[in-house]
Amino acid sequence: QVQLVESGGGLVQPGGSLRLSCVVSGFTLDYYAIGWFRQAPGQEREGVACFSTTDGMTFYADSVKGRFTISRDNRKSTAYLEMNNLKPEDTAVYYCATMNFGYNSLSVFKRNSYDYWGQGTQVTVSS
């Protein structure tokens, strides 16, 4: 019913920038929140950033505060993750996801709070 497709990943040097995109399509574009997660090889998937459509709030993991910015277009069909001052530890597969069946601001970084997921896009930060 909902499909998400990420793009924009690639290889960048430390200190560089990338902007990831997530195109949302399906029966409806209604969702309570849209978030970005990342997963490095052998690591757990962790929440990075979230945009809440219920109140317009944004949330960021401590590791990316001040460096990453989440946003979406006015038609809410595309979400973005602007990543600046990238570090090698940012290397991971990045996923976008939508929260469609309920919302709580305390749950924005819980994987099980999200109902639909994209296929992921690889970000590699290396010199």
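The sections below set out a description of the structure shown in this document.

Reading the values: the criteria
Residues numbered from 1 in each chain as written. Predicted model: local features only at pLDDT ≥ 70, side-chain atom pairs only at ≥ 80, totals over all residues. Heavy atoms only, no water. Helix = DSSP H or I, 4+ residues; strand = E, 2+ residues; numbered from the N terminus. Contact = heavy atoms within 4.5 Å. Polar contact = N/O pair within 3.5 Å; in protein donor to acceptor, adjacent residues only side chain to side chain. Core = buried A, V, L, I, M, F, W, Y, C linked by side-chain atoms within 4.5 Å. Buried < 20%, exposed > 50% of the residue type's maximum accessible area, 1.4 Å probe, protein only. Disulfide = S-S within 2.5 Å.

Let us look at the environment of arginine 45. Along the chain, arginine 45 falls in the loop between β4 (33–39) and β5 (46–52). Setting aside chain neighbours within four positions, we find arginine 45 in contact with Phe37, Arg38, Gln39, Tyr95, Arg111 and Trp117. At 3.2 Å, the side chain of arginine 45 and the side chain of glutamine 39 are in polar contact.

Another point: the nonpolar core. By size, the foremost hydrophobic cluster in this structure holds 28 residues, and its most contacted members are Cys22, Trp36, Phe68, Leu81, Met83 and Tyr94. Secondary structure elements with two or more residues in this core: β1 (2–7), β3 (18–26), β4, β5, β7 (68–72), β8 (78–83), β9 (92–99) and β11 (121–125). Tallying contributions element by element places β3 first for this core, with four residues. Leave out the neighbours within four places in its chain, and phenylalanine 68 touches Arg38, Val48, Tyr60, Leu81, Glu82, Met83, Asn84, Leu86, Asp90 and Tyr94. Among the nonpolar cores identified, the runner-up in size contains eight residues, and Phe37, Cys50, Phe59 and Tyr114 belong to it.

Let's shift gears to the state of the cysteines. By the definition in use, this model includes one disulfide. Between the sulfur atoms of cysteine 22 and its disulfide partner cysteine 96 the distance amounts to 2.0 Å. Measuring the twist about the S-S bond at about 65 degrees, one finds the cysteine 22-cysteine 96 disulfide to be right-handed. With a gap of 74 residues between them, cysteine 22 in strand β3 and cysteine 96 in strand β9 connect regions that are remote in the sequence.

Okay, the side chain of serine 21 next. Mapped onto the fold, serine 21 is located in strand β3. Overall, serine 21 belongs to the buried group, its relative accessible area being 16%. Each residue touching serine 21, except ones within four places of it in the same chain, is listed here: Val5, Glu6, Ser7, Trp36, Thr78, Ala79 and Tyr80.

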